[in-house]
Amino acid sequence: MRLDILAHSTKGDRSGPPLFLVHPLGANGSFWDGCVDDLAPTGLTVSVDLRGAGKSPDLTEPLTLQHIVEDLESLRSALGLDRIVVIGCAVGAMAAAAYAHIYPNRTRALVMSNPGMRIDGNAAAALLDRAQRVRSDGMAAIMPSAVDNAFANRPGPQRDAYARRFVAQNAANYAWACVGASTANIEAIEVRCPTLIIAGHQDRLFGVDPARQLAHKIAGSTLVELEQGAHFIPYQTSAEFCGRVLVFLKSLET
């Protein structure tokens, strides 16, 4: 996969640690719009469009965690940044952890929201089926279930706005992203940087068990479980998410 620079938007300055914001499958950098105003005062926020999303280059092969890590590192280097805080949601959190594993000297800290440990057989088969369906019949073929699963007990304008962006994306790109996500597995990672893990009890897709496994695996990590948190905590409850992250970032200064 050719490493063009990912499309991205920035806010804040370089007075604090740079924050790389990695969106989940099916989203783009705008996923973090509700967070950047709260996070930018701590330093530079970098909201990325992963390959095949937003304004980044189209996909021509599956988007694996390794590809995402390579793209993030290429962007970090191009921006002239040293050590970054990598913040991701869902599969984006898995990619963030993979980055911390592969580039420990470039990772100041890690924040994982709604992480999975691996995409197991049934979930992988569902993603491959989803990829086939959107290639044949477009994004509408997997609606509304593809969005409703992430918005458990959260109907309303926020869900509807997300759904409009979701269904408008390029179906071929989304299909390649699904195929790549079907192979995601971070069971073998080693993370040694400060780590915050945030999970939601209303998350129908990953739940709290993978987060607990990761907290046990990553020495010194902090686990936060939100009783009302669904699958997209940074998007759905951005104020609470940012509050937890800001406390964590403050702890890095001591």
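Note that the coordinates shown come from a computational prediction; the quantities given were computed from them, not determined experimentally.

### Quick notes on the pairing of strand β7 (residues 222-226)
For a regular strand, side-chain orientation follows a simple rule: the groups alternate between the two sheet faces.
In step 1: Pairing geometry for strand β6 (residues 195-200) and β7, over five bridges, is parallel. Bridging from a neighbouring strand, Gly-200 pairs with Leu-226 of β7.

### Describing the pattern of salt bridges
In step 1: For the structure on display, the rule yields 13 salt bridges.
In step 2: Notably, a salt bridge pairs Asp-71 with Arg-51, separated by 2.9 Å at the nearest N-O pair. Taken together, the positions of Asp-71 in helix α2 (residues 65-78) and Arg-51 in the loop between β3 (45-48) and α2 put the pair 20 residues apart, joining distant regions of the chain.
In step 3: Relative accessible area serves as the criterion here: at 1%, Asp-71 is assigned to the buried category.
In step 4: Among the residues examined, Arg-51 registers a relative accessible area of 5% and is labelled buried.
In step 5: In this structure, Arg-192 engages Glu-190 in a salt bridge whose closest nitrogen and oxygen atoms are separated by 2.8 Å.
In step 6: For Arg-192, a relative accessible area of 75% translates into the label exposed.
In step 7: Judged by relative accessible area, Glu-190 falls into the partly exposed class, the value being 45%.
In step 8: Each of Asp-148, Arg-159 and Asp-160 takes part in salt bridges that share partners, so that together they form one network.

### Here's the deal with the pairing of β6
In step 1: By the criterion of burial, β6 is predominantly enclosed, with six of the six residues buried.
In step 2: Of the two faces of β6, both are covered, the one formed by Thr-195, Ile-197 and Ala-199 as well as the one formed by Leu-196, Ile-198 and Gly-200.
In step 3: Pairing of strand β5 (residues 107-113) with β6 involves four bridges; the strand directions are parallel. In the strand pairing of β6, Ser-113 is matched with Ile-198.
In step 4: Assessed by its sense of winding, the connection that carries the chain from β6 through helix α8 (residues 209-217) to β7 is right-handed.

Calculation criteria
- Residues numbered from 1 in each chain as written.
- Predicted model: local features only at pLDDT ≥ 70, side-chain atom pairs only at ≥ 80, totals over all residues.
- Heavy atoms only, no water.
- Pairing = 2+ DSSP bridges.
- Helix = DSSP H or I, 4+ residues; strand = E, 2+ residues; numbered from the N terminus.
- Salt bridge = Lys/Arg side-chain N within 4 Å of Asp/Glu carboxyl O.
- Buried < 20%, exposed > 50% of the residue type's maximum accessible area, 1.4 Å probe, protein only.
- Right-handed = clockwise from strand over helix to strand, strands pointing away.

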